[in-house]
Amino acid sequence: MTTATARKGLTLGQAGREFWKHPSPWMIGTTFFVALVARVVVGDWQWTDALLPALMVAAFPFYEWVIHVVILHWRPRSIGRLKIDPLLSRKHREHHADPRNAALVFIPWKALLWILPSSLVFAIALAELTRPGLALTYLTCYAGMGIVYEWCHYLVHSDYKPKTRPYRAIYRDHRLHHYKNEHYWFTVTTSGTADRVFGTYPNPADVSTSPTAKNLHGGSPDAMESVPAAG
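This structure is a prediction, so every number in the text was calculated from the model and none was measured.

### So, the overall build of the chain
Across its full length, the chain carries nine helices and three strands. Listing every helix and strand of the chain by position from the N terminus yields α-α-α-β-β-α-α-α-α-α-α-β. By the compact-globule yardstick of 17 Å for 231 residues, the chain fits well, its C-alpha radius of gyration being 19 Å. Viewed in the frame of its principal axes, the chain has a C-alpha envelope of about 60 × 55 × 35 Å. Split into buried and exposed, the 231 residues of the chain put 44% on the buried side. Of all intrachain contacts in the chain linking residues separated by at least 6 positions in sequence, the fraction that spans at least 24 positions is 67%. Across the chain, the mean location of the 24 positive side-chain charges is 7 Å away from that of the 16 negative side-chain charges.

Here it is in structure tokens:
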């Protein structure tokens, strides 16, 4: 995956070594480790420390779907002279254009410079509203799901071949999103969850191959919507 030439017979260990060469896993992984250690030190375990992660895991496919549709597939817009084209959206278009480029698979590290502090601010607010232990449970779970997302997404775009049924389903769906039609199959870590609820999980045989799967929004000046300025 590090070159344009496919690496045949990639093992899980080789994939893991490549995974940890990128900054995003280290940034999220460090957050996870520190939050986990702090959670163990604080103690004060209650039944809500089991309930909150369960709710977060259940909601995560829907969180993925919304972020993917609303932010990552954001069509650039202009309001007067102001261009609205977030970093995450730009990088995702690059990812679709070159899905085998490992550096473009991961959440951009510059985006994590505000995403991770924002999650910490939310945890602090949660600690004020509830208790520090629950806030650390949230932060640990949030970072843990981030690592799982990065690993699943990276692995799908690598040359590692799926061995288990759940991973084969994830692999199939995300490949369809990139190489069949970018308007469907938006979840990454699960298959047939949020996509079924939101109507983006069709039978692949019924979907035409999109000419813009590798060129989101057509990549032309017309792809930017112009929004009249207020007043």
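### Some remarks on the layout of surface pockets
In this approach the atoms are scanned with a rolling probe the size of a water molecule, which exposes any empty space left behind. Space inside the largest pocket adds up to approximately 600 Å³. In terms of lining residues, the largest pocket is bounded by 30 residues, among which Tyr63, Ile67, Ile107, Ile115 and Tyr149 are the most central. Elements represented by at least two residues in the lining of the largest pocket include exactly helix H3 (48–72), helix H4 (87–97), helix H5 (102–105), helix H6 (109–129) and helix H7 (132–157). Space inside the second largest pocket adds up to approximately 220 Å³. As for the second largest pocket, its lining consists of His22, Pro23, Ser24, Leu87, Lys91, Ala103, Leu104, Phe106, Ile107, Pro108, Trp109 and Lys110. Listed by contribution, the elements that provide at least two residues to the lining of the second largest pocket are helix H2 (23–42), H4, H5 and H6. Residues of the lining of the second largest pocket, tallied by class, amount to eight nonpolar, two polar and two charged.

### Side note on a nonpolar patch on the surface
There is a patch of nonpolar side chains on the surface, built from Phe33, Val34, Val37 and Val41 and spanning about 400 Å² of accessible area. Following the sequence through the fold, Val34 ends up in helix H2.

### Brief notes about helix H8 (residues 165–179)
Helix length check: H8 (15 residues) gives 21 Å between terminal C-alpha atoms against 21 Å at 1.5 Å per residue, within 8%. Every buried residue of H8 is listed here: Tyr167, Ile170, Tyr171, Asp173, His174, Leu176, His177 and His178.

### Quick look at the UniProt feature "domain: Fatty acid hydroxylase" (unreviewed entry) in the chain
With numbering matched to this structure, UniProt assigns "domain: Fatty acid hydroxylase" (unreviewed entry) to residues 54–200. Annotation note: span residues 54–200, helix share 69%, strand share 4%, distance between end C-alpha atoms 25 Å.

### Some thoughts on H3
In H3, a bend of some 40 degrees at Ala59 exceeds every other bend along the element, and Pro61, a proline, comes one to four places later. Among the residues of H3, those classed as buried are Thr48, Asp49, Pro53, Met56, Phe60, Pro61, Glu64, Trp65, His68 and Leu72. On the buried face of H3, the contacting elements are H2, H4, H7, H8 and helix H9 (194–198).

### Some points on the environment of Glu182
Within the secondary structure layout, Glu182 lies in the loop between H8 and H9. Expressed as a C-alpha distance, the spacing of Glu182 and His96, which sit 86 residues apart in the sequence, is 8.8 Å. The contact partners of Glu182, leaving out residues within four places of it in the chain, are His73, His96, His177, Ser210, Thr212, Ala213 and Leu216. A polar atom in the side chain of Glu182 sits 3.4 Å from the side chain of His183.

### A few points about the UniProt feature "transmembrane region" (unreviewed entry) in the chain
Here, the residues flagged by UniProt with the feature "transmembrane region" (unreviewed entry) are residues 24–42, 54–74, 102–127 and 133–156. Each end of residues 24–42 is marked by a C-alpha atom, and these two atoms are 27 Å apart; helix forms 100% of the span and strand 0%. Across residues 54–74, the secondary structure splits into 90% helix and 0% strand, with the terminal C-alpha atoms separated by 30 Å.

### Some words on the pattern of salt bridges
Within the structure shown, the criterion is met by eight salt bridges. Residues Glu18 and Lys21 are paired through a salt bridge, measuring 3.8 Å at the closest nitrogen-oxygen approach. Note that Glu94 and Lys91 form a salt bridge whose closest N and O atoms lie 3.6 Å from each other. Of this pair, Glu94 and Lys91 both sit in helix H4, three residues apart, roughly one helical turn. Glu94 gets classed as partly exposed once you look at its relative accessible area, which sits at 35%. Each of Arg39, Asp44, Asp49 and Arg131 takes part in one network of salt bridges that share partners.

Parameters at a glance
Residues numbered from 1 in each chain as written. Predicted model: local features only at pLDDT ≥ 70, side-chain atom pairs only at ≥ 80, totals over all residues. Heavy atoms only, no water. Helix = DSSP H or I, 4+ residues; strand = E, 2+ residues; numbered from the N terminus. Rg over C-alpha atoms; globule rule 2.2 N^0.38 Å. Buried < 20%, exposed > 50% of the residue type's maximum accessible area, 1.4 Å probe, protein only. Contact = heavy atoms within 4.5 Å. Lys, Arg positive; Asp, Glu negative; His and termini not counted. Charge placed at Lys NZ, Arg CZ, Asp CG, Glu CD. 1 Å grid on protein atoms, 1.4 Å probe; cavity = no way out; pocket = protein on both sides within 12 Å on 5 of 7 lines; lining within 4 Å. Points joined across faces, edges and corners; volume = space filled by probe spheres on them. Nonpolar A, V, L, I, M, F, W, Y, C, P; charged D, E, K, R; others polar. Patch = residues over 30% accessible without salt bridge, like charges linked within 9 Å, V, L, I, M, F, W, Y side chains within 5 Å. Areas by Shrake-Rupley, 256 points an atom, 1.4 Å probe, with all protein chains shown as cover. Salt bridge = Lys/Arg side-chain N within 4 Å of Asp/Glu carboxyl O. Expected span 1.5 Å × (residues − 1). UniProt positions renumbered as here; feature names shortened; annotations may be inferred. Bend = angle between axes of the 7 residues up to and from the residue. Polar contact = N/O pair within 3.5 Å; in protein donor to acceptor, adjacent residues only side chain to side chain.

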